[in-house]
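Summary of structural features
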Amino acid sequence: MTISDRRLDWALGLGTVALLLLPWYRIEGGFFGLSWLSDFPGGTDVAPGLLQAVLHGRWWLAIAILLLVAAILVRSLYRQSEQRGRMLTWIGALGILFLALQGLAIGFSGWSWTITETIFGTLSTGQPSMGTGAITLSIIFILIFSFGRAECGVMKGDAFVVSAITLLVFLVAVFVFYPIASMFVGAFQDFDGSFNPDGFLGNIVDPSIWSLNCVIGEGRCGVAWRTFFLAIMTAAGSTLLGLAFALVATRTGFRFKKGLRLLTILPIITPPFVVGLALTLLFGRAGLVTVGLSDMFGIEPSRWLYGLTGIWIAQVLSFTPISFLVLIGVVEGVSPSMEEASQTLRADRWRTFWHVSLPLMKPGLANAFLIGFIESMADFGNPLVLGGSHGVLSTEIFFAVVGSQNDPSRAAVLAIILLCFTLSAFLAQRLWLGRRNFATVTGKGDNGVHAAMPRSVAIGVHAVVIPWAMFTIVVYGMIIAGGFMKTWGLDNSFTLDHYVRAFSISFAGDGIAWTGVAWNSFWTTIKIALISAPLTAAVGLMTAYLIVRQRFAGRELFEFALMMSFAIPGTVIGISYIMAFNLPPLEMTGTAAILIACFVFRNMPVGVRGGVAAMKQLDQSLDEASLTLRANSFRTLRKVILPLLRPAITAALVYSFVRAITSISAVIFLVSAEHNMATSYIVGLVENGEYGVAIAYSSALIVVMIAVIAIFQLLVGERRLRRANRIAGSMPLSVAKEKTA
């Protein structure tokens, strides 16, 4: 028996188990609760697929059963060949297509589509959402399709590579594009799901969204333009400040460069609304600075912080470190020889900086601007804390869903507008940089020294960086201090009450009782973050492996589609997941699974880009040597590639873990009473005015993230490359390449 036959047998065996031994539909209380065993297999709600078709009137499932039987017959009657591969390909494709269509077309009470009801007549029974059996059989049909394509010679017959590509395409379609499509459809639906374009047409021309009165000085801008202008200002501010920090850190003799780098880490591991809270403690009506100015100079406290000004300050504080991390490598990467050539041609420092150095930084500046723009568009926490009556798209979407409006169509329209803004910026950046060449690092030696900055630029960046760094330190000092004060602005005496209320523990006769109000959401958050982080890293690195090491039709489109998901704001992801996964075929709302899926596919692009960058540094001869020694692609990936990708693995784990803990824009729509996340719980504390407990909880999360990041680093370790100390002429080619690199 060949390897191809064995893996096909395993797939067909699991498909048979899915039809005979697993509940076909979703189990209330969860599959792993095992409460369904008491009614299995005869109960209507827990019966497997075969019994659902035979006993419970779900006759349409017979088509899936017949397709699996056809695959078993093909395996039995035909040996491995291209002909068998074509038949398996068709069976797998038809199985996937049928399960998707029947899940969409048949809902709880019968047909979901009018056209199917007209053609086939009224159904006597409907069906719940897909369960363990249906999902397992869907995956089996994907594998049957992949094995068939491999037997046809696709990807040189490598079943692992074909299966990985097919499965990733399927997952991205289900968890990225299907929710977005559902959101577009939801904009044209009424409360009962019927087609009604009135809501879309009424909202899309609503003056409160598109008004430009602020431009002509007659009032307030619509929420769309208000959000757009804020994003432009935030992106510009964070990019310029990030560039100033990068120049100070790389082109000057500033004594506290390590401290600057430390300041870049803090906002990344800080929950997104905590900066807004700290600004409130400083500049709110009862803030430290406000009260001090009132006492010293008699200045009446005002509400200037609550509006676009306060949101802008908080967003620039939050996103400048990200711009710095993007730009520092770009600034360091500018070739010194080009700057020296400019000065050799008698250009002064200012002309060299303006016409040589700065243009070569354009890719980094464009990326930093794009990140700042998208992050500002998607930001939910800071506008919620500081926005006041000046709402932005993300908060307006939230209130359209959970507020008194209760208008899903308006939420969908606002989300579509938000998505159009971010995708337009994403595409504009790609078009602007797409055909330009900014390469300055070549295979030749480049040991020059970067040209000194013009004196005016050096003075300017120091004048900006030093006050801003001190301001950032003060803001984080407020975050720490706020958790230890009874009532900020009223009673500033020291207390541990906030930490006790959040994280108190009592010892009873039967063990430890977690009595603090924060423990439930804390443990849920840690559990979901620890599950989603490895999954995000695995999916991202597997995708990077396929993009870099494999050549297949549509590879560039596949990579673009994955990176485009980075441009989808978290608010849009949240509202689209609610609309897509609240009804059949996949009902996940209120479960931990929807949070995990959201984190994995929201954060996957970062893992992909990190993996692509790291994998391009590995010579392809390593793969070829392993394959020459008869190792298959899976063994090569596991034994050769992954050990050399430890830095990328660590980065993907850390980023996905941190984002799972600090995310709020998507999470706020997806949490439930049973699965409440830390950020959502802290928002509730802020809305109730419990700032002390909210800051104490946030501070504890920061400490936990630092500890877990250190643990990830220890578990994954560092990549170690052995370099023999020989002359280049006598060493192996691969080692010589490392030495010359």
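In this report, we go over the structure that sits alongside the text.

About the thresholds
- Residues numbered from 1 in each chain as written.
- Predicted model: local features only at pLDDT ≥ 70, side-chain atom pairs only at ≥ 80, totals over all residues.
- Heavy atoms only, no water.
- Helix = DSSP H or I, 4+ residues; strand = E, 2+ residues; numbered from the N terminus.
- Rg over C-alpha atoms; globule rule 2.2 N^0.38 Å.
- Buried < 20%, exposed > 50% of the residue type's maximum accessible area, 1.4 Å probe, protein only.
- Contact = heavy atoms within 4.5 Å.
- Areas by Shrake-Rupley, 256 points an atom, 1.4 Å probe, with all protein chains shown as cover.
- Lys, Arg positive; Asp, Glu negative; His and termini not counted.
- Charge placed at Lys NZ, Arg CZ, Asp CG, Glu CD.
- Patch = residues over 30% accessible without salt bridge, like charges linked within 9 Å, V, L, I, M, F, W, Y side chains within 5 Å.
- Salt bridge = Lys/Arg side-chain N within 4 Å of Asp/Glu carboxyl O.
- 1 Å grid on protein atoms, 1.4 Å probe; cavity = no way out; pocket = protein on both sides within 12 Å on 5 of 7 lines; lining within 4 Å.
- Points joined across faces, edges and corners; volume = space filled by probe spheres on them.
- Nonpolar A, V, L, I, M, F, W, Y, C, P; charged D, E, K, R; others polar.
- Core = buried A, V, L, I, M, F, W, Y, C linked by side-chain atoms within 4.5 Å.
- Axes fitted to C-alpha atoms, helices over the stretch in contact; angles between N-to-C directions.
- Parallel < 35°, antiparallel > 145°, perpendicular 65-115°, else oblique.
- Left-handed = near helix turned anticlockwise from the far one by under 90°.
- Phe/Tyr/Trp six-rings, centres within 6.5 Å; stacked < 30°, edge-to-face > 60°.
- Lys NZ or Arg CZ within 6 Å of the ring centre and 35° of its normal.
- Expected span 1.5 Å × (residues − 1).
- Polar contact = N/O pair within 3.5 Å; in protein donor to acceptor, adjacent residues only side chain to side chain.

For the protein, the helix and strand inventory stands at 33 helices and six strands. Radius of gyration (C-alpha) of the protein: 29 Å, near the 27 Å computed for a compact globule of 741 residues. Counting only C-alpha atoms and orienting by the principal axes, one finds that the protein spans roughly 85 × 75 × 65 Å. For the protein, buried positions account for 51% of its 741 residues. Looking at the protein alone, contacts between residues at least 24 apart form 72% of all its contacts between residues at least 6 apart. As displayed, the protein has an accessible area near 35,100 Å², and 64% of this comes from carbon and sulfur atoms. Of note, the protein has its 51 positive side-chain charges centred 15 Å away from the centre of its 39 negative side-chain charges.

A surface patch of nonpolar side chains, about 700 Å² in accessible area, is lined by L97, L101, L104, W113, I115, I119 and F120. Those elements that place two or more of their residues in the nonpolar patch are helix 4 (82-105) and helix 5 (114-120). Within the fold, L97 resides in helix 4.

With that out of the way, let us pick up empty space enclosed by the protein. In this structure the tally under the stated criterion is four cavities of 30 Å³ or more. Size it by volume and the largest cavity reaches roughly 100 Å³. Surrounding the largest cavity, I371, I374, E375, A378, F566, R602, N603, P605, V606, Y655 and R659 form its lining. Among the secondary structure elements, those contributing two or more residues to the lining of the largest cavity are helix 17 (362-378), helix 26 (592-615) and helix 29 (646-662). When its residues are assigned to classes, the lining of the largest cavity shows seven nonpolar, one polar and three charged.

Attention now moves to the nonpolar core. Soluble globular proteins tend to pack their nonpolar side chains together in the buried interior. Judged by nonpolar contacts, the single largest core of 212 residues is most densely connected at L137, L279, L546, Y577 and F657. Not counting chain neighbours up to four residues away, the residues in contact with Y577 comprise F175, P179, N582, I594, A597, C598, F601 and L670.

Turning our attention to the pattern of salt bridges. Enumeration over the complete set of coordinates arrives at nine salt bridges. Put simply, D9 and R75 hold a salt bridge, and the shortest N to O gap is 2.7 Å. Of this pair, D9 sits in helix 1 (residues 3-20) while R75 sits in helix 3 (residues 61-77), and the two are 66 residues apart along the sequence. Owing to a relative accessible area of 29%, D9 belongs among the partly exposed residues under this scheme. Here E151 makes a salt bridge to R84, at a shortest N to O gap of 2.7 Å. Of the two residues, E151 is situated in helix 6 (residues 132-151) and R84 in helix 4; the sequence distance between them amounts to 67 residues. One salt-bridge network, in which partners are shared between bridges, spans D5, R84 and E151.

Our next topic: the packing of helix 6 against helix 7 (residues 159-186). One way to put it is that helix 6 packs onto helix 7 with a least axis distance of 8 Å and a crossing angle of 140 degrees. The angle between helix 6 and helix 7 falls in the class oblique. As for how helix 6 packs across helix 7, the hand of that crossing is right-handed. On helix 7, the residues that touch I142, L143, F145, S146, F147, R149 and A150 of helix 6 are A159, V162, S163, T166, L167 and F170. In the contact of helix 6 with helix 7, the residues fall into nine nonpolar, three polar and one charged.

The next thing to look at is the packing of helix 1 against helix 6. Angle between the axes and distance between the axes are the two parameters that describe a pair of packed helices. Running from N to C, helix 1 and helix 6 point in directions that differ by 160 degrees, and their axes come no closer than 9 Å. It follows that helix 1 is roughly antiparallel to helix 6 by the angle criterion. In this structure, helix 1 crosses over helix 6, and the sense of that crossing is left-handed. On helix 6, the residues touching S4, R7, L8, A11, L12, L14, G15, A18 and L19 of helix 1 are G133, T136, L137, I140, I144, F147 and E151. Residue classes in the contact of helix 1 with helix 6 are distributed as ten nonpolar, four polar and two charged.

It is worth spelling out the packing of aromatic side chains at this point. Evaluation of the coordinates by the stated rule reveals 37 aromatic pairs. The interplanar angle of 65 degrees and the centroid separation of 4.7 Å between the aromatic rings of W514 and W519 together place this pair among those described as edge-to-face. With a relative accessible area of 41%, W514 lands in the partly exposed category. Positioned over the ring face of F147 is R7, at 5.6 Å from the centre of the ring.

Right, let's talk about the environment of L67 for a bit. Summarising the element assignment, L67 is placed in helix 3. Along the primary structure L67 and L99 are separated by 32 residues, whereas in three dimensions their C-alpha atoms are 11 Å apart. Beyond its immediate stretch of four places on either side in the chain, L67 contacts I91, L94, G95 and F141.

Attention now moves to helix 3. Compared with an ideal rise of 1.5 Å per residue, which puts 17 residues at 24 Å, helix 3 spans 25 Å between its outermost C-alpha atoms and is within 8% of the ideal. For helix 3, the complete set of buried residues consists of L61, A64, I65, L67, L68, A71, V74 and R75. The inward-facing, buried residues of helix 3 contact helix 1, helix 2 (49-55), helix 4 and helix 6.

As a further point, take the environment of T125. Among the structural elements, T125 can be located in the loop between helix 5 and helix 6. On the basis of relative accessible area, T125 is assigned to the partly exposed category, the value being 24%. Expressed as a C-alpha distance, the spacing of T125 and V54, which sit 71 residues apart in the sequence, is 14 Å. Residues contacting T125, with those up to four places away along its chain left out, are H56, G57, R58, W60 and G110.

What follows deals with the side chain of S576. Structurally, S576 is set in helix 25 (residues 570-580). Here the side chain of S576 touches I573 through a polar contact of 2.9 Å, landing on its backbone oxygen.

Within the fold, D5 resides in helix 1. For D5, the side chain forms a polar contact with the side chain of R84, separated by 2.9 Å. Ignoring any residue separated from it by four or fewer positions in sequence, one finds D5 in contact with R75 and R84.

With twelve residues, helix 16 (residues 349-360) extends 15 Å from end C-alpha to end C-alpha; this agrees with the ideal 16 Å at 1.5 Å per step. Burial in helix 16 covers these residues: T352, F353, V356, S357, L358 and L360.

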